[in-house]
Amino acid sequence: MSFPAHITVLYFAAASTTLGITDELVPIPEKGLYLSQLTELLIERHSQSSLNTLRKILDSSQWSIDAEMVDDEDLTKVELKDGMEVAVICPVSGG
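Here is what the cut-offs are and how they apply
- Residues numbered from 1 in each chain as written.
- Predicted model: local features only at pLDDT ≥ 70, side-chain atom pairs only at ≥ 80, totals over all residues.
- Heavy atoms only, no water.
- Core = buried A, V, L, I, M, F, W, Y, C linked by side-chain atoms within 4.5 Å.
- Buried < 20%, exposed > 50% of the residue type's maximum accessible area, 1.4 Å probe, protein only.
- Helix = DSSP H or I, 4+ residues; strand = E, 2+ residues; numbered from the N terminus.
- Contact = heavy atoms within 4.5 Å.
- Pairing = 2+ DSSP bridges.

Q: What is the right way to read the nonpolar core from this model?
A: Nonpolar side chains in soluble globular proteins generally cluster together in the buried interior. Ranked by internal contacts, the top residues of the largest apolar core, which has 26 residues, are Ile-7, Leu-35, Leu-38, Trp-63 and Leu-80. Secondary structure elements with two or more residues in this core: β1 (6-11), α1 (13-19), α2 (35-45), α3 (51-60), β3 (62-65) and β5 (85-89). In terms of residue count, the dominant contributor to this core is α2 (five residues). Sequence-distant contacts of Leu-38, defined by excluding residues within four places in its chain, comprise Ile-7, Leu-33, Trp-63, Leu-80 and Val-86.

Q: Hey, could you run me through the environment of Thr-53 in this one?
A: Note on placement: Thr-53 falls in helix α3. Considering only alpha carbons, one finds Thr-53 and Ala-14, 39 residues apart in sequence, at a separation of 9.4 Å.

Q: Explanation requested: the pairing of β1 in the structure shown.
A: In this sheet, strand β2 (residues 23-27) lies alongside β1 in antiparallel orientation, the contact comprising five bridges. Bridging from a neighbouring strand, Val-9 pairs with Glu-24 of β2. The sheet contact formed by β1 and β5 spans four bridges and is parallel. Residue pairing for β5: Tyr-11 is matched across the bridge by Val-88.

Q: Sorry if this is basic, but what is going on with the pairing of β3 here?
A: Sheet analysis places β3 next to β5, joined by four bridges and oriented antiparallel. Pairing of Trp-63 across the sheet is with Val-88, part of β5. When β3 meets strand β4 (residues 68-70), the two strands line up antiparallel, connected through three bridges. Note on β4: the bridge partner recorded for Ile-65 is Glu-68. Joining the antiparallel neighbours β3 and β4 is a turn of two residues, in which Asp-66 adopts a positive phi near 50°.

Here is the structure:
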């Protein structure tokens, strides 16, 4: 029996609060998945959440793959592979 390829998504700050989780396993579709497509996939998976809030959070967040930050211009170039760890890095403010 083969198991589907998957990634681990880590949620921090507002993303974690909105979804009520800190991480989850996300199956990679058979057709493949690029980092630029992950926002839509996560919104589909969490349709019970406040979609406008989740979309706003994900659209304003940065991403890291296996603890390496990914530049926005590279989102369409990064193909997600089995076992990768993807973190949603929300903007923070301090003072």
